[in-house]
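Analysis of the macromolecular model
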Amino acid sequence: MVNYRSVHWKFLRDERGSYSLEASLVLPFVFVAVLIMLLFAMYMYQRVTLYYVASTAAERTAYGWDNSKRSPLTGLPQPGESDGLYWRIGSDAMLDSLFGLGSGGAREALDLPLHAQQDGASLPARKLQPAASWIPASYEGDVAYERGVLQRTIHVRLRQPLRIAPLELMLGHSDPQAQAFSTVVDPVELIRSVDLVRYYTAKFSGSDSKSAREEAATILKRKRSSPGTGS
């Protein structure tokens, strides 16, 4: 008569095949963990690359904002090339809020990827084109110029279409995204603008301020429509 209890006990104590059994139980978890780490590392690498491209494009555009003829790589302008003396009045419209011609804020943006240069675009859009053309075509997003009353900034938002199902389950999206901005610094123009605001503030504070403001707005419109204003 076969002693099933003894046979069962010998089977449990037999170590043959234990390595294969343990490996079949542990290796799937190890493989999934390694795969998740690789996907997350790839996602973080793409995100860091996106931020580097966005910050570099924003800084280069802000640095060369005073002259659209500057090289986007070196920042050096072409000899004898400039946007004219009154481009801030004709195209940047910094004085609109002072004379009641606008709200004091404006935004110009280019969608990415940029497929072709826009020859008939406004001056701010033409200044954004070198940065947009420098960004790789595989990235989506926009390059924008935002002008406030006291601050002008370049905003770059990038996104790389990348579909990874595990990351979508954990993060809600799998495409790396990044955004950066840089402030346009123009010390000479800041001094001139402050002096101009002080002058017109004193001029508009009198009893005949409305007519003076309307007269200044008329002169500004005439200057913006005349050739050679940097528009």
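Above this text is the structure in question.
Right, let's walk through the structure included here. Predicted model, so just to flag it, every value in this text is computed and none were measured. Residue numbers restart at each chain and count upward from 1, following the sequence in its written direction. Residue-level local features of this predicted model are given only where pLDDT is at least 70; pairs of side-chain atoms are given and counted only at 80 or more, and the full residue set underlies all totals for whole chains, interfaces and linings. The basis for every side-chain value is the complete set of heavy atoms in the structure, and neither hydrogens nor water enter the calculation.

**Here we look at the pairing of strand β3 (residues 152–159)**
For two strands to count as paired, DSSP must find a minimum of two bridges between them. Secondary structure follows DSSP: runs of H or I at least 4 residues long count as helices, runs of E at least 2 residues long count as strands, and numbering of each begins at the N terminus. Relative to β3, strand β2 (residues 140–147) runs antiparallel, the two sharing 8 bridges. Note that in β3 the partner of Tyr145 across the bridge is Ile154. Taken together, the 7 bridges between β3 and strand β4 (residues 177–183) define a ladder with antiparallel strand orientation. When the bridges of β4 are listed, Arg159 appears paired with Gln177.

**Focus: the sheet that holds β2**
By way of backbone hydrogen bonds, the strands of a sheet pair with one another, either parallel or antiparallel. What the 4 strands build is an open sheet, ordered β1-β2-β3-β4; its pairing is antiparallel. Edge strands, defined here as strands with exactly one partner in the open sheet, are β1 (106–112) and β4. Put simply, the sheet's adjacent strands are angled 15° from each other on average, direction ignored. Bridge analysis of β1 against β2 gives 7 bridges, and the strand direction is antiparallel. Residue Ala106 lies in a different strand from β2, and its bridge partner there is Arg147. We call two residues in contact when some of their heavy atoms are within 4.5 Å. Axis definition: a line fit to C-alpha positions, over the contact stretch in the case of helices; interaxial angles, taken between N-to-C directions, run 0 to 180 degrees. Contacts from helix α2 (residues 18–63) reach β3 and β4, with the element oriented near 20° to β4. Helix α4 (residues 123–134) contacts β1, β2 and β3 of the sheet and is inclined by roughly 35° relative to β1.

**Some words on the environment of Glu189**
Its place among the elements puts Glu189 in helix α6 (residues 187–204). Partly exposed describes any residue whose relative accessible area lies between the buried limit of under 20% and the exposed limit of over 50%, with all areas from a 1.4 Å probe on protein chains only and scaled to the type maximum. In this structure Glu189 comes out as buried when scored by relative accessible area, which is 11%. Remark: the alpha-carbon pair of Glu189 and Asp66, spanning 123 residues in sequence, is separated by 9.5 Å.

**Describing the pattern of salt bridges**
Between Lys or Arg on one side and Asp or Glu on the other, a salt bridge is scored when a side-chain nitrogen of the former is within 4 Å of a carboxyl oxygen of the latter. Overall, the coordinates contain 5 salt bridges when judged by the stated rule. For the salt bridge of Glu146 with Arg107, the shortest nitrogen-to-oxygen distance reads 3.1 Å. Note that Glu146 is positioned in strand β2 and Arg107 in strand β1, a separation of 39 residues in sequence. Residue Glu146 is classed as partly exposed on the basis of its relative accessible area, which comes to 28%. For the salt bridge of Arg159 with Glu140, the shortest nitrogen-to-oxygen distance reads 2.3 Å. Highlighted residues: Arg159 in strand β3 and Glu140 in strand β2, separated in sequence by 19 residues.

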